[in-house]
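Each chain, letter by letter, is given below.
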Amino acid sequence: MAGWGRDTSEGKNATVGVSERDLFIDKQSISPTIFLPPRHPPETTAEDGGTPSIPDRAHGRRSGSWRRLGFLSGLRLSIETLAGRAAEAAVLELDRGAAFLLVPVFLGVGVAWYFSLSQEPGFLQPIATSLVLAAIVFATRARPRTRLLAMAGLMCALGFLAAKFETWRAGTAMLGSEVSTRITGQVVSIDQMANGRIRLTLDVAETARPKLRYRPERVRLTARKVPEGLKAGAVVAGYARLLPPTGPVRPGGYDFSFQSYFEGIGATGFFLTDPKLVSASPVAAASLSLSIENARDAIADRIRRSIGGPEGEIAAALIVGVRAGIPEEINEAMRRTGIYHIISISGLHMALVAGTIMGLLRGAFALFPDFSARHPVKKYAAATALLCTAAYLLISGLVVAAERSFIMLAVMLCAVLFDRAALTMRNLAISALVVIAFSPHEVVGPSFQMSFAATAALVGAFAGWTDYRARKGRSAHMPVTDRSLPAAAVGWLGKGLVAASATTIVAGLATTLYAAWHFQRISPLSLFANLAVMPVVSLAVMPFAVFSALAMPFGADWPFLYVMGKGLTAMIAISNWLSEHSPVDGIGLISLQSVLLVTVALVIATMATTWWRLAALPFAIAGILTLRAVEVPDVLVAEDARLVAVPIGGSELAVNRPRPSAFAMDNWRRAMDAENLVLPERLKGPDLRYTGIDASELPPGSPFLCGAGLCVARHPNGAIVAHASTLTAARSACGFAALIVIEDATAADPCNDPLIAVVTKRDLARSGSAAVRFNPASATAQAEIRFAIEDDYRPWHVQRRFSRDARGLPPYQPKSGKQRSPKSSSPTPSASPPSDDEANEPQARYQ
């Protein structure tokens, strides 16, 4: 096994103090002697056959010329020397396997390029490009530099093609417009929500009253109550309200329809009546996925009964990956303190499970020394740990972070089985290749980015630290002084705290920018929270989770679950206390170019093993300097045209509705870096003029004042924003408003004034939410409107053009005389929560 280097595991005959990078190359072969010309021209004399130097009046001028020539020659030689050393270092990086590490990077670039396009490309372009680049790679074998560039381009083209293929393969049928219908479908999964409702994922078998001609194949619905003992595979039916997947709550935000498309979810919604059981037994033969889902539900129910409360929900999340039942206040506290990664099954959990299994087996084998001496018990333990972690991956729901962690761990355990050294950064590259090959769309999601960024930073930092120690001569041959047991314990504790602090700092620095980009929030107390919580999780939570899973088939799991519950109680208490004392949370918008620059810096810093690491500094500095190079909108408009928000100064955000969407407000407040929400003031009377208020005389920074059908507010720069529920109300605002939002899909521009920006419900239905910026340099210029979905539709947005609002039609009115389903005219209170719960789900999943 290798000593210091990318892999830190030491075998019996390991050579301590030698970096495993040295195993790849012969150092003598990569350090050729470079013969450089002398810095100054040789002096010639008459004895040497040259022209002797004769003093004259021009001697001073010639001396100055020689000095200038010497400076330029020295500068040229310095540049040549630097270039030569850079070339040597680049060759060394390639010999150490940098080319393989960059393969997933360029694949990811191709995937990101595909998803950033404004219109859907065909298959012909990426296939043709890939073939041409492959031919160039084959034809330039004698030209290494050209071949490397062609290979980089080929990887980008293949990533682009993989993303295109996944989009074509998904082909999810998305619901185009809201509709109430009777739905019959097979239960795929059951989630217990924190608000007491139950969320069902159904494979739709049929619809009726009305029968949908273009029905989605899979939907996700919430219900107040489901039949007793309902399991995955059963068939249920009920009258439901189906909603099309929503777009981003603001331009540049998280696109829910994108994730729904690749998850196969064609619609969300809620049951208007309690679903009824049609068939309790699974249709035909139950698939393996349904069996696993039922096992997950059974284990989660057993954990909830044993532990109870929010601790039981968190325990179920840690063991089987079921997180829907965790109370939102606890989720929020863990996000604010930066310990939400504990809930997401990832490398920490996989490593603790594998370590616990291997430790138990090695300890058991140690009780039989004769057997251990004759058999490779370490390999037996590694093989068993591999099987257990594979079972843990299946039972946890196959999330991206768990997949990445399992692949890395599997490679390391297989290396133990075959007596090979495990190259940790290569493990990370292999896991990235697997994820990109099977789920390219994950590349543009926060889970993939934050997970791989944290792991790459930890691996790179640890490799650099071990190399530093190796260069300083830290080896096993150093004299070891005898210390007392208390002194040794204090030393171990100190090293553990330093290691935990370094791990938290490195991982936090690597993921902070991605969290700020996706969620507009940071966790300033993350270091203290992780130092306080990780010992509890490592000693009192995860090991006992493994013990309980092993004892559960025998009914002896309750003592271990009891200890696990107490550990989770301590974790919740620490999280709540630190959350209350967290000084900052939302930070506002940051620029995309900053994220890209820091990503380049992270790739260079973690993958380079020579002084090429210094090349990351310019990118990192540029990324920091461009953090705030982003245009903050002056007005935000929701895609249903019902909600408008205007920052009015003093960290306050004014909205036009007294009960706005909680999720939208949380997202908008963090994006606009606003702390307080200012609700509208409702005025009595048919309109504003009746109250005697002149909207044009409102002071800058005024919140919304609402009369019948019209709400007005004034931005701090003086622009007046109006929200009208009808076309008639909108006409009354043409005399003073700079922006008018009309909550009517049939309305057109009532002002016909190029200086007044008008956004209708039809515009928002077709193009999604809007961000508006006023021109601060000119009061006579029209406001700039940016929609979330622009240009041609991508496959996950095509359904938008089919809604009634997008076609400019009024809301559907059922014909009189036709009997509707009971309760269909008065939806249950579940109408609002499903939307918010669905909206909160992606953030909870990926943080």
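So, how was this worked out
- Residues numbered from 1 in each chain as written.
- Predicted model: local features only at pLDDT ≥ 70, side-chain atom pairs only at ≥ 80, totals over all residues.
- Heavy atoms only, no water.
- Helix = DSSP H or I, 4+ residues; strand = E, 2+ residues; numbered from the N terminus.
- Buried < 20%, exposed > 50% of the residue type's maximum accessible area, 1.4 Å probe, protein only.
- Contact = heavy atoms within 4.5 Å.
- Areas by Shrake-Rupley, 256 points an atom, 1.4 Å probe, with all protein chains shown as cover.
- Polar contact = N/O pair within 3.5 Å; in protein donor to acceptor, adjacent residues only side chain to side chain.
- Phe/Tyr/Trp six-rings, centres within 6.5 Å; stacked < 30°, edge-to-face > 60°.
- Lys NZ or Arg CZ within 6 Å of the ring centre and 35° of its normal.
- Axes fitted to C-alpha atoms, helices over the stretch in contact; angles between N-to-C directions.
- Left-handed = near helix turned anticlockwise from the far one by under 90°.
- Nonpolar A, V, L, I, M, F, W, Y, C, P; charged D, E, K, R; others polar.
- Core = buried A, V, L, I, M, F, W, Y, C linked by side-chain atoms within 4.5 Å.
- Parallel < 35°, antiparallel > 145°, perpendicular 65-115°, else oblique.
- Salt bridge = Lys/Arg side-chain N within 4 Å of Asp/Glu carboxyl O.
- Pairing = 2+ DSSP bridges.
- Expected span 1.5 Å × (residues − 1).
- pLDDT = per-residue confidence, 0-100.
- Patch = residues over 30% accessible without salt bridge, like charges linked within 9 Å, V, L, I, M, F, W, Y side chains within 5 Å.
- Disulfide = S-S within 2.5 Å.

Draft legend 1. A look at the overall build of the chain. Across its full length, the chain carries 23 helices and 18 strands. Here the chain holds 847 residues, and 46% of them are scored as buried. Counting contacts in the chain only where the partners sit at least 6 residues apart, residues at least 24 apart contribute 68% of the total. When the accessible surface of the chain is totalled, it reaches about 42400 Å², and 61% of it is carbon and sulfur.

Draft legend 2. Spotlight on the side chain of Asn667. The topology assignment puts Asn667 in helix α20 (residues 662-671). A distance of 3.0 Å separates the side chain of Asn667 from the side chain of Arg250, its partner in a polar contact. Discounting chain neighbours no more than four positions away, the residues touching Asn667 are Val249, Arg250 and Gln520.

Draft legend 3. Just the packing of aromatic side chains, in detail. Considering all chains together, one arrives at 22 aromatic pairs under this definition. With a centroid separation of 5.9 Å and an interplanar angle of 50°, the aromatic rings of Phe115 and Trp796 are classed as tilted. Residue Phe115 is located in helix α2 (residues 98-116), and its partner Trp796 is located in the loop between β18 (784-787) and α23 (833-846); the two are separated by 681 residues in the primary sequence. Classification of Trp796 by relative accessible area gives buried; the value is 3%. Taken together, the ring pairs in this structure connect Trp113, Tyr114, Phe115, Phe160, Phe258, Tyr261, Phe262 and Trp796 into an aromatic cluster. The ring of Phe123 carries Lys164 above its face, with NZ or CZ at 5.2 Å from the centroid.

Draft legend 4. How the structure looks around the packing of helix α12 (residues 400-417) against helix α14 (residues 446-471). As a packed pair, α12 and α14 sit with axes 9 Å apart at the nearest point and diverge in direction by 35°. The element α12 and its partner α14 pack so that their crossing is right-handed. In this structure, α12 uses Val400, Ala401, Arg404 and Met408 to contact α14, whose residues at the interface are Ser447, Phe448, Ser451, Phe452 and Thr455. Taken together, the residues that form the contact of α12 with α14 break down as 5 nonpolar, 3 polar and 1 charged.

Draft legend 5. Focus on the nonpolar core. Core analysis: the biggest nonpolar cluster contains 55 residues, and Ile314, Leu318, Ile342, Met564, Leu568 and Met571 have the highest contact counts within it. Secondary structure elements with two or more residues in this core: α6 (288-307), α7 (309-320), α8 (328-337), α9 (347-366), α11 (377-395), α12, α16 (526-551) and α17 (558-580). Take this core: its biggest share by element is 9 residues, from α16. If we skip the residues at most four places from it in the chain, Ile314 touches Ile326, Ile330, Ile343, Leu568, Met571 and Ile572. One finds Leu107, Phe115, Leu428 and Val435 within the second-largest nonpolar core, a separate group that totals 32 residues.

Draft legend 6. Examining the packing of helix α15 (residues 485-519) against helix α18 (residues 592-607) more closely. Packing of α15 against α18 leaves a shortest axis separation of 10 Å and a crossing angle of 160°. One finds that α15 runs roughly antiparallel with respect to α18. Along this stretch, α15 crosses α18, giving a crossing that reads as left-handed. Note on element contacts: α18 touches α15 through Leu592, Ser594, Val595, Val598, Thr599 and Leu602, opposite Ala510, Leu513, Tyr514 and Trp517.

Draft legend 7. Region of the structure containing the pattern of salt bridges. This model, assessed by the stated rule, comprises 19 salt bridges. With a closest N to O distance of 2.5 Å, Glu332 and Arg521 form a salt bridge. Placement of Glu332 in helix α8 and of Arg521 in the loop between α15 and α16 is noted, with a sequence separation of 189 residues between them.

Draft legend 8. Broad picture of the sheet that holds strand β10 (residues 676-678). Read from one edge of the open sheet, 6 strands run β10-β9-β8-β7-β17-β18, paired in mixed fashion. Only two strands of the sheet have a single partner each, and these edge strands are β10 and β18. Recorded for the sheet is a direction-independent mean angle of 25° between the axes of neighbouring strands. In this sheet, strand β9 (residues 652-655) lies alongside strand β8 (residues 644-649) in antiparallel orientation, the contact comprising 4 bridges. Directly across from Val646, in β9, lies its bridge partner Ala654. Packed onto the sheet, α20 meets β7 (635-637), β8, β9 and β10 and runs at close to 140° relative to β9.

Draft legend 9. Representation of the sheet that holds strand β15 (residues 739-742) within the structure. The sheet built from 6 strands is open, its strands ordered β11-β12-β13-β14-β15-β16 with mixed pairing. Either end of the sheet is taken by a strand with one partner, and the two such strands are β11 (681-682) and β16 (757-760). With 4 bridges connecting them, β15 and β16 associate as parallel partners. Within the sheet, the bridge partner assigned to Ile742 lies in β16 and is Thr760.

Draft legend 10. Just α17, in detail. With 23 residues, α17 should cover 33 Å at 1.5 Å per step; its first-to-last C-alpha distance of 33 Å lies within 8% of that length. Turning to α17, the residues buried within the fold contact α6, α7, α8 and α16.

Draft legend 11. How the structure looks around the environment of Phe438. Along the chain, the position of Phe438 falls in helix α13 (residues 424-438). Exposure remark for Phe438: the relative accessible area of 57% places this residue in the exposed category. Separated by 272 residues in the primary sequence, Phe438 and Glu166 have C-alpha atoms spaced 8.0 Å apart. Among residues more than four places away in sequence, those in contact with Phe438 are Glu166 and Arg169.

Draft legend 12. Region of interest: the confidence of the model for the chain. The pLDDT averaged across the chain works out to 82; a share of 83% of its residues lies at or above 70. A low-confidence stretch, residues 1-59 (pLDDT under 50), is modelled with 87 contacts involving residues beyond four sequence positions or located in other chains. Confidence drops under pLDDT 50 across residues 817-847; counting only partners more than four residues distant or on other chains, this segment forms 68 contacts.

Draft legend 13. Structural view of the side chain of Thr207. Relative to the helices and strands, Thr207 resides in strand β2 (residues 198-208). With residues up to four places along the chain from it excluded, the contact list for Thr207 reads Thr181, Arg182, Ile183, Leu212 and Arg215.

Draft legend 14. Expanded view of a nonpolar patch on the surface. Taken together, the side chains of Leu82, Trp611, Leu614, Leu617, Ile621 and Leu625 make up a nonpolar region of the molecular surface, amounting to roughly 660 Å² of accessible area. If you tally residues by element for the nonpolar patch, the top one is helix α19 (residues 616-625), at 3 residues. As for its position among the elements, Trp611 is in the loop between α18 and α19.

Draft legend 15. Quick peek at the state of the cysteines. Tallying each qualifying case throughout the model produces 2 disulfides. Shown here is the disulfide that connects Cys706 with Cys711, its sulfur atoms set 2.0 Å apart. One disulfide, between Cys706 and Cys711, carries an S-S torsion of 115° and so falls in the right-handed class. Cys734 shares a disulfide with Cys751; S-S distance 1.9 Å. Disulfide Cys734-Cys751: torsion about the S-S bond near -85°, hence left-handed. Placement of Cys734 in the loop between α21 (727-731) and β15 and of Cys751 in the loop between β15 and β16 is noted, with a sequence separation of 17 residues between them. For Cys751, a relative accessible area of 16% translates into the label buried. With its disulfide-bonded cysteines labelled consecutively along the sequence, the chain is connected as 1-2, 3-4.

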